[in-house]
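Architecture and fold: a report
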Amino acid sequence: MTLPVFDLCLENGSVVLPDATVVTSVYVRDGRIARIGGQGDAGRVIDCTGLTILPGVIDTQVHFREPGLTGAEDLATGSMAAVMGGVTAVFEMPNTKPATDCPEAVLDKLERARGRMWCDHAFYVGATTDNADRCGELERLPGTAGIKIFMGSSTGSLLVSDDAVLERVLRSGHRRVAIHAEDEGRLHARLSERRAGDPASHPVWRDEETALRATKRIVSLARRTGRRIHVLHVTTPAELEFLSGHKDIASCEVTPQHLTLAGEEAYAELGTLAQMNPPIRGRAWRDGLWYWMGQGVPDIIGSDHAPHALEAKQRSYPDSPSGMPGVQTLLPLMLDHVAHGRLSLRRVVDMTSAGPQRLFGLVRKGRIAVGYDADFSVVDLAARWTVQQDWLASKCGWSPFVGRELHGRPVGTIIRGHVAMWENQLAPTAQGAPLLFEATDRPLAP
């Protein structure tokens, strides 16, 4: 009897399926999952005995800085860091130079990504006063993840802080809108709270009320317009408590940094390397995030990978820029939290694979199932290792987690059946492609 022929077989791994985790083999043909279990011949067989095969991890918030700000990162190096960390797809943010706020800018990024990005990708379009009434058109461009609003000033020139303009953006279009929720008026009023040379004053300036006030404002506008929103990098228990009452219209994200670092140690040990927007807060805030994680409120994990050159980060506060790299450490940090019993592996899968697919309407992503893209993050849950600087692929060359001992590590990154990384070795060529979304994909031919 002739066995079916496949392109790739991942053999004898612990496969995290939608309803169970089973030791089995997964077969791939033409970039898609063709069979789970059974027998077959394959052009390439990878022995995954002792390893765990997750659905491909999707990082829905990264800043890869291209064009215009490529001293610290670009599309090639950022996506290389992604696959080194087990990430198969990313949503890239619009605060580049020039900003990604028009069709020409989206097309430019897609062209720059061709043959250079190692992972699959989509690009956010930044909302502005000028394009507020065109967002419904812009969000439907192929290769776009949707619209992003900066309510508070951060890196770059994109800022929409006026409620009237915010309402115009929300009334234009239908896809879920991503929100950086910090209140710009309060940030300006509290500038005097910054203390020169003291990055620990960063969360005093950008305090809990700055975040909560913006989140309440945007949820009110979402209610008024009937538009679904997604609140990025939530840092306060108060926001999560508030958002728990609005899950019909507002989803939300937390980051590994805010779940891992506490301000009492971070600013003393890392100085301005711990500076980001919204900020790393104190231990009580971090522990409060974990309480609401236990209540199931945060929907997804995003890294908010936002690198700057080390020379710039080492300037004295507040002249130092906000942001830290994170796409390569997202999965390792969350595996370490699993090892320490803070959440289950299945919850990590939901927040990094199924959750992004569910919230944003990704096509053929987010689960290990026949017919879906053959995207896998292969991990060793038993591995104990230390983050070393020479492991980092980001152009910025640093991480706040260098020297940290972790339990669980990425072993392989497979994207549409292409082995992009295995045992810290990259494939010879980058083969990332634009992501498809239900809201922008062309109708099927009759």
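As the structure is a computational prediction, the values presented were derived from the model and not from experiment.

To continue, consider the sheet that holds strand E13 (residues 300-301). If you walk across this open sheet you meet the eight strands as E6-E7-E8-E9-E10-E11-E12-E13, and the pairing is parallel. Where the open sheet ends on each side, the last strands, each with one partner, are strand E6 (57-62) and E13. Inspection of the sheet shows strand E9 (residues 144-150) paired to strand E10 (residues 177-180) by three bridges, in the parallel sense. The partner of Phe150 across the bridge, within E10, is His180. Against the sheet, helix H2 (residues 103-113) contacts strand E7 (87-92), strand E8 (120-126) and E9, and its axis sits at roughly 160° relative to E8. Sheet contacts for helix H4 (residues 163-171): E9, E10 and strand E11 (229-231); angle to E9, the most-contacted strand, approximately 165°.

Looking at the protein, the domain boundaries give domain 1 (4-51 + 369-424) and domain 2 (54-358). Its C-alpha centre places domain 1 at a distance of 26 Å from the equivalent point of domain 2. Taken together, the contact between domain 1 and domain 2 spans 36 residues of the former and 46 residues of the latter. Summed over both sides, the interface between domain 1 and domain 2 buries roughly 3,300 Å², with carbon and sulfur atoms accounting for 66% of that surface. Taken together, the links from domain 1 to domain 2 amount to two salt bridges. Notably, a salt bridge pairs Asp120 with Arg416, separated by 2.8 Å at the nearest N-O pair. Scanning the region where domain 1 abuts domain 2 turns up 20 residue pairs in polar contact (both at pLDDT 80 or more). Contributing elements (two or more residues each) for the side of domain 1 that touches domain 2: strand E14 (376-386), strand E15 (405-415) and strand E16 (418-422).

What counts and how
- Residues numbered from 1 in each chain as written.
- Predicted model: local features only at pLDDT ≥ 70, side-chain atom pairs only at ≥ 80, totals over all residues.
- Heavy atoms only, no water.
- Pairing = 2+ DSSP bridges.
- Helix = DSSP H or I, 4+ residues; strand = E, 2+ residues; numbered from the N terminus.
- Contact = heavy atoms within 4.5 Å.
- Axes fitted to C-alpha atoms, helices over the stretch in contact; angles between N-to-C directions.
- Domains from an automatic or database assignment.
- Buried area = accessible area lost by both parts, 1.4 Å probe.
- Salt bridge = Lys/Arg side-chain N within 4 Å of Asp/Glu carboxyl O.
- Polar contact = N/O pair within 3.5 Å; in protein donor to acceptor, adjacent residues only side chain to side chain.

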